[in-house]
Amino acid sequence: MKKNTIEIPSCSNCGNSKEFFCNLSESEKQLLSDKKGDNFYKKGQVIFYEGNHANGLYCLYDGKVKLTKLGKDGKEQIVRFSKNGDILGYRSLLSDEPYHATATALEDSHICMISKEKFLQVVEQNTKLSLQVIQLLSKDLKGAEQHLIDVAQKTVKERIAESLILLKNTFGYLADGKTININMTRSEIADMAGTSTESTIRTLATLSDENMIALDGKNIIISDLPNLIRCSNTYD
Amino acid sequence: MDKDNQRFNLQFIKDSFSGEEINLSSGDILFNEGEKNDFVFFIESGSIKVLKNKWVIGITKAFEFVGITSCINEIDIYTFSSKAIEDSKLLKIKKIAFKNLLLENKHFSKQIIEILCERIKLTDIRTRSYIDNSPRQRVLFEIFNNITRSNNSIAAYITNEDLSELTGISKRAVTKIITDLTKEGLLESKDLGSILIKDEPKILTEIKP
């Protein structure tokens, strides 16, 4: 279990800065860092709820988060995962709308919060950052469109295979080089693929019988990645 | 988006970009998936449908851009195809000129951010609709998503074929749904893909229960 008190560095010294903040000047990073909040979230804790007023930008310093939307009959749909260095809530801030999804910690996580006003101020001032925001949104739009097509056109098996590949691409493997580095319930995998839990359980069993994956409790081991990719019918 | 509510001023776009104007007839292809993406297009009049893997992922109308994401996403090819739904006039803008204006003009940049946020939201809603909603609700959603308000009327300009492609429902089933909705007094189907909305509150209740 992670310690809940660690020293989170300022934005200038954050090793997670990645592409998004790399075009900021030192003074802009300092502006974001001033009075930046940082919180510890235990596994399962909610960072923000879909529909709540968007008051800040969240930056995942350490941990894993899922973003979900609530459909009819209370069914949850996973829309995205976030890992170290990812930012959350930016679309709501940019469009001045409530949070579009609920963000929940998948494991103990440390998350920074930058105020809405400061984030928007920096985006407005820095046109290169503004362009990066547009690039990020374009990537999100491409992902959303692909997801729509997948739900509409792909079979359940293809969607489950694609969901497993997405998990592997997002979180990588454990030290053994083949177990996906995240524990997801069958229900959560069903949410990702837009299908029922029952179908997911059956399909995972089929993929296991076909030696593309192996199941060890909640752990999913990818035994044959090339075949799994072929099965997902993904060519991008 | 209708002329009164357009986000972009046509004159501003023409002044900012010295692009070639092109005319397309209904059914003409603007670009194919996989082609080199040197241009972004601004629709002066008409409408363009956007397809990926032969699936219609959206319809873009007058005073909007087509090809933004392929331009911005730092890849050399269009990742989707586009085709004119009706006779259309477009301004062909060089990719580099589009990006330069994003860097130079904060207001323009902000408008593009708004468009992308709206498109993501709409796509998410459509995905959700596909999973949760009945074929009838999906047809109603797409009709309502393409409405134009003028004076005292609300109308959508979308053919049954387009509705079929947007929803993944067969054209025959779409036609039946439109017939049923017309009999129930929710809408009136006119010629050339024109659908008049007769009972907006009831439609809204049905698509957003």
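None of these values were measured; they are calculated from a predicted model. (Residues numbered from 1 in each chain as written. Chains lettered and ligands numbered in written order. Predicted model: local features only at pLDDT ≥ 70, side-chain atom pairs only at ≥ 80, totals over all residues. Heavy atoms only, no water.)

Draft legend 1. Structural context of the domain arrangement of chain B. All names here are of chain B. Taken domain by domain, chain B holds domain 1 (3-129) and domain 2 (134-207). Computed from C-alpha coordinates alone, the two centres of domain 1 and domain 2 are separated by 25 Å. In this complex, domain 1 contributes 11 residues to the contact, which on the side of domain 2 involves 12 residues. When the two sides are added together, the surface that domain 1 and domain 2 hide from each other amounts to roughly 1000 Å², 54% of it contributed by carbon and sulfur. Counting across the interface, domain 1 meets domain 2 through three salt bridges. Note that D162 is salt-bridged to K49, the shortest N-O span being 3.7 Å. At the boundary of domain 1 with domain 2, the tally comes to four residue pairs in polar contact (both at pLDDT 80 or more). Going through the elements one at a time, strand 5 (55-61) and helix 4 (106-132) are the ones with two or more residues in the side of domain 1 that touches domain 2. Here the side of domain 1 that touches domain 2 gets five residues from one element, more than from any other, and that element is strand 5. (Domains from an automatic or database assignment. Contact = heavy atoms within 4.5 Å. Buried area = accessible area lost by both parts, 1.4 Å probe. Salt bridge = Lys/Arg side-chain N within 4 Å of Asp/Glu carboxyl O. Polar contact = N/O pair within 3.5 Å; in protein donor to acceptor, adjacent residues only side chain to side chain. Helix = DSSP H or I, 4+ residues; strand = E, 2+ residues; numbered from the N terminus.)

Draft legend 2. Geometry of the nonpolar core. All names here are of chain B. One finds F65, F98, F108 and I112 to be the most contacted residues of the largest nonpolar core, which totals 56 residues. Examining the composition of this core, we find that seven residues originate from one element, helix 4, more than from any other. Not counting residues within four places of it along the chain, the set of residues in contact with F108 comprises F8, F12, I13, F17, F65, F98, L101 and L102. (Core = buried A, V, L, I, M, F, W, Y, C linked by side-chain atoms within 4.5 Å. Buried < 20%, exposed > 50% of the residue type's maximum accessible area, 1.4 Å probe, protein only.)

Draft legend 3. Structural detail: the packing of helix 6 (residues 156-171) of chain A against helix 9 (residues 225-232) of chain A. All names here are of chain A. Viewed as axis vectors pointing N to C, helix 6 and helix 9 meet at an angle of 130°, and their least axial separation amounts to 7 Å. Taken as axis vectors, helix 6 and helix 9 run oblique relative to one another. Helix 6 and helix 9 meet at a crossing whose hand is left-handed. The segment helix 6 lies against helix 9, with K157, E158, A161, E162, L164, I165 and K168 engaging L225, L228, I229, C231 and S232. For the contact of helix 6 with helix 9, a count of residues per class yields seven nonpolar, one polar and four charged. (Axes fitted to C-alpha atoms, helices over the stretch in contact; angles between N-to-C directions. Parallel < 35°, antiparallel > 145°, perpendicular 65-115°, else oblique. Left-handed = near helix turned anticlockwise from the far one by under 90°. Nonpolar A, V, L, I, M, F, W, Y, C, P; charged D, E, K, R; others polar.)

Draft legend 4. Representation of the pattern of salt bridges within the structure. Residue and element names in this part refer to chain B. A complete count under the given rule lists 23 salt bridges over all chains for this structure. Among the ionic pairs, E165 bridges to K49, the shortest N-O distance being 2.6 Å. Residue E165 is located in helix 6 (residues 160-167), and its partner K49 is located in strand 4 (residues 47-52); the two are separated by 116 residues in the primary sequence. Salt bridges linked by common partners bring K14, E21, E44 and K89 together as one network.

Draft legend 5. The side chain of B:T69, seen in detail. Note on placement: B:T69 falls in helix 2 (residues 68-72). With a relative accessible area of 7%, B:T69 lands in the buried category. Contacts of B:T69, omitting those with residues within four sequence positions, involve A:S138, A:L141, B:F80 and B:L116.

Draft legend 6. Here's a closer look at the sheet that holds strand 1 (residues 37-41) of chain A. Residues and elements named next belong to chain A. Here four strands make up an open sheet; going across it, the order is 1-8-3-6 and the pairing antiparallel. Edge strands, defined here as strands with exactly one partner in the open sheet, are strand 1 and strand 6 (87-88). With six bridges connecting them, strand 3 (residues 56-62) and strand 8 (residues 109-115) associate as antiparallel partners. Looking at strand 8, one finds that G56 is bridged to S115. Sheet strands in contact with helix 4 (residues 116-125) are strand 3 and strand 8, and its direction is about 70° off that of strand 8. (Pairing = 2+ DSSP bridges.)

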